[in-house]
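These are the residues of each chain, in order.
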Amino acid sequence: MAQMSIANRLADGRSVFLQAPGQWVEAFTAGAVLADATAAAELLAAAKRDEAANLVVEPYLLEVGDDRRPLAWRELLRAEG
């Protein structure tokens, strides 16, 4: 199953999505989607480093469907505002 990393930006609390290591974007559609579990784990590790640097808080991986939409309601609401 495909996954992407989501967190909240520490500066303003907005939901952000990891596009590439160190690059957080507000647009859900611009976030990196990874189907490989190893690559997703590496993306989460990069997100955790950004958390340690006080850029974001509580990063985690969320599952997305083939249509790039979050599978869980909570993440769907966060992604679509």
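The following paragraphs examine the structure supplied in this document. (Residues numbered from 1 in each chain as written. Predicted model: local features only at pLDDT ≥ 70, side-chain atom pairs only at ≥ 80, totals over all residues. Heavy atoms only, no water.)

Let's talk about helix α2 (residues 73–80)
Working step 1: All of the buried residues in α2 are Glu 75, Leu 76, Arg 78 and Ala 79. Seen from one end, α2 has its buried residues packed into an arc of 165°, which puts them on one side. Seen from the open side of α2, the exposed residues pointing more than 90 degrees away from its buried face are Trp 73, Arg 74, Leu 77 and Glu 80.
Working step 2: The inward-facing, buried residues of α2 contact β1 (2–9), β2 (15–20) and β4 (56–64). (Buried < 20%, exposed > 50% of the residue type's maximum accessible area, 1.4 Å probe, protein only. Helix = DSSP H or I, 4+ residues; strand = E, 2+ residues; numbered from the N terminus. Arc of directions from axis to C-beta. Contact = heavy atoms within 4.5 Å.)

A short note on the pattern of salt bridges
Working step 1: Taken as a whole, this structure holds three salt bridges when the rule is applied.
Working step 2: With a shortest N-O distance of 2.9 Å, Asp 12 and Arg 9 are connected by a salt bridge.
Working step 3: For Arg 9, a relative accessible area of 23% corresponds to the partly exposed category.
Working step 4: Each of Arg 9, Asp 12, Arg 14 and Glu 26 takes part in salt bridges that share partners, so that together they form one network. (Salt bridge = Lys/Arg side-chain N within 4 Å of Asp/Glu carboxyl O.)

Points about the sheet that holds β2
Working step 1: The strand order β3-β2-β1-β4 describes an open sheet built from four strands, whose pairing is antiparallel. Because the sheet does not close on itself, it has two edges, and the strands there are β3 (23–25) and β4. When strand polarity is set aside, the average angle formed by the axes of neighbouring strands in this sheet is 40°.
Working step 2: Summarising the sheet, β2 and β3 pair through three bridges and their orientation is antiparallel. By the bridge assignment for β3, Phe 17 is matched with Val 25.
Working step 3: Strands β1, β2, β3 and β4 of the sheet are contacted by helix α1 (residues 37–52), whose axis makes an angle of about 160° with β4.
Working step 4: Docked against the sheet, α2 engages β1, β2 and β4, running at close to 115° with respect to β4. (Pairing = 2+ DSSP bridges. Axes fitted to C-alpha atoms, helices over the stretch in contact; angles between N-to-C directions.)

Considerations on the packing of aromatic side chains
Centre-to-centre distance and the angle between the planes together describe a pair of aromatic rings.
Working step 1: One pass over the full model with this rule turns up one aromatic pair.
Working step 2: Ring geometry for Phe 17 against Phe 28: centres 5.1 Å apart, planes inclined by 85°, an arrangement best described as edge-to-face. Within this pair, whereas Phe 17 is found in strand β2, its partner Phe 28 is found in the loop between β3 and α1, the two being separated by eleven residues in sequence. Considered together, Phe 17 and Phe 28 belong to a single accessibility category, that of buried residues. (Phe/Tyr/Trp six-rings, centres within 6.5 Å; stacked < 30°, edge-to-face > 60°.)

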